[in-house]
Amino acid sequence: MKIMGIGTLEFLIIVLVGCAFGVPTMNIAEKKGYNRIGFFAVGFLLGPIGLIVSLLLPDKNQAKVSAAANNADALMKYKTLLDEGVITEAEYEAKRKELL
């Protein structure tokens with residue numbers, strides 16, 4: 001029996017190879033905060049190129065952690081300024097609400 005002009009065995013090999021690249025590509029991209037299904041398709045269709053693309057993607061989760069750390073650092077600076085009497089309690093509370 002032929003599927004899309006190729007034999008059944010060849011078709012199964014193509015699907016298995018596609019899945020062999022699609023699943024790791026999907027898992028890597030998901031850990032970095034990207035869409036699972038989209039990157040499964042990228043890995044399935046592009047094979048090793050899709051896998052390389054997922055490895056080179058920036059980590060979206062790291063940006064969130066970095067922003068939270070920056071807010072925490074800024075809040076500590078404003079707390080220090082409050083303790084030193086440079087800013088008022090109202091100014092500190094306004095900044096705290098803005099950062100949180």
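Each chain carries its own residue numbering, running from 1 in the direction its sequence is written. Reporting in this predicted model follows two pLDDT cut-offs: at least 70 for local features of residues, and 80 or more for side-chain atom pairs to be given and counted; totals over whole chains, interfaces and linings ignore these cut-offs and use all residues. Side-chain metrics rest on all non-hydrogen atoms present in the structure, leaving aside hydrogens and water.

Participant: Would you mind showing me how to read the packing of helix 1 (residues 8–31) against helix 2 (residues 36–46) here?
Facilitator: The relative placement of two packed helices comes down to the angle between their axes together with the axis-to-axis distance. Here, axes are lines fitted to C-alpha atoms. For helices the fit covers the stretch in contact, and angles between N-to-C directions go from 0 to 180 degrees. Strands here are runs of E lasting at least two residues and helices are runs of H or I lasting at least four, both read from the DSSP assignment and numbered beginning at the N terminus. Between helix 1 and helix 2, whose axes approach to 7 Å, the crossing angle comes to 140 degrees. Between helix 1 and helix 2, the angle falls in the class oblique. Pair helix 1 / helix 2 crosses with right-handed handedness. Residue-level inspection shows Val15, Gly18, Cys19, Phe21, Gly22, Val23, Thr25, Met26, Asn27, Ala29 and Glu30 of helix 1 in contact with helix 2, the latter providing Arg36, Phe39, Phe40, Gly43 and Phe44. Residue classes in the contact of helix 1 with helix 2 are distributed as nine nonpolar, five polar and two charged. Any angle from 65 to 115 degrees is called roughly perpendicular, while one under 35 is roughly parallel, one over 145 is roughly antiparallel, and all others are oblique. Rotating anticlockwise by less than a right angle from the far helix to the near helix defines a left-handed crossing, while the corresponding clockwise rotation defines a right-handed one. We call two residues contacting when some pair of their heavy atoms lies within 4.5 Å. Gly falls in the polar group here, along with every residue not listed as nonpolar (Ala, Val, Leu, Ile, Met, Phe, Trp, Tyr, Cys, Pro) or charged (Asp, Glu, Lys, Arg).

Participant: I'm lost on the pattern of salt bridges in this one. Help?
Facilitator: Just to be clear on terms, a salt bridge is a Lys or Arg side-chain nitrogen sitting within 4 Å of an Asp or Glu carboxyl oxygen. All chains considered together, the criterion is met by four salt bridges. As a salt-bridge pair, glutamate 30 and arginine 36 come within 2.7 Å of each other at their nearest N and O atoms. Burial here depends on accessible area, computed with a 1.4 Å probe over protein chains only, as a share of the maximum for the residue type. Under 20% is buried, over 50% is exposed, and the range in between is partly exposed. Judged by relative accessible area, arginine 36 falls into the partly exposed class, the value being 37%. As a salt-bridge pair, lysine 95 and glutamate 98 come within 3.5 Å of each other at their nearest N and O atoms. Within this pair, lysine 95 and its partner glutamate 98 are both found in helix 5 (residues 89–99), separated by three residues, close to a single helical turn. Glutamate 98 gets classed as exposed once you look at its relative accessible area, which sits at 57%.

Participant: I would appreciate a short explanation of the environment of isoleucine 14 in the present structure.
Facilitator: With respect to the helices and strands, isoleucine 14 occurs in helix 1. Judged by relative accessible area, isoleucine 14 falls into the exposed class, the value being 51%. In the structure, isoleucine 14 is positioned 30 residues away from phenylalanine 44 in sequence and 9.5 Å away in space, judged by C-alpha atoms.

Participant: Can you walk me through the nonpolar core in this structure?
Facilitator: One broad trend across soluble globular proteins is that nonpolar side chains are buried collectively. Residues belong to a common nonpolar core when they are buried Ala, Val, Leu, Ile, Met, Phe, Trp, Tyr or Cys residues joined through side-chain atoms within 4.5 Å. Counting six residues, the largest nonpolar core consists of Ala74, Leu75, Leu82, Ile87, Tyr92 and Leu99. Where this core is concerned, the elements lending two or more residues are helix 4 (60–83) and helix 5. Sort the elements by how many residues they give to this core and helix 4 lands first, with three residues. Once you skip the residues sitting within four places of it in the chain, leucine 75 turns out to touch Tyr92, Arg96, Leu99 and Leu100.

Participant: What should I look at first to understand the packing of aromatic side chains in this one?
Facilitator: Note on aromatic pairs: each is described by the distance of the centres and the angle between the planes. Stacked, tilted and edge-to-face pairs are distinguished by plane angle, under 30 degrees for stacked and over 60 for edge-to-face with tilted covering the rest, among Phe, Tyr and Trp rings (Trp via its six-membered ring) whose centres lie within 6.5 Å. Counted according to the given criterion, the structure contains two aromatic pairs. We count a charge as sitting over a ring when the NZ of a lysine or the CZ of an arginine lies within 6 Å of the ring centre and within 35 degrees of the ring normal. Taking NZ or CZ as reference, lysine 79 lies 5.8 Å from the ring centre of tyrosine 92, over its face.

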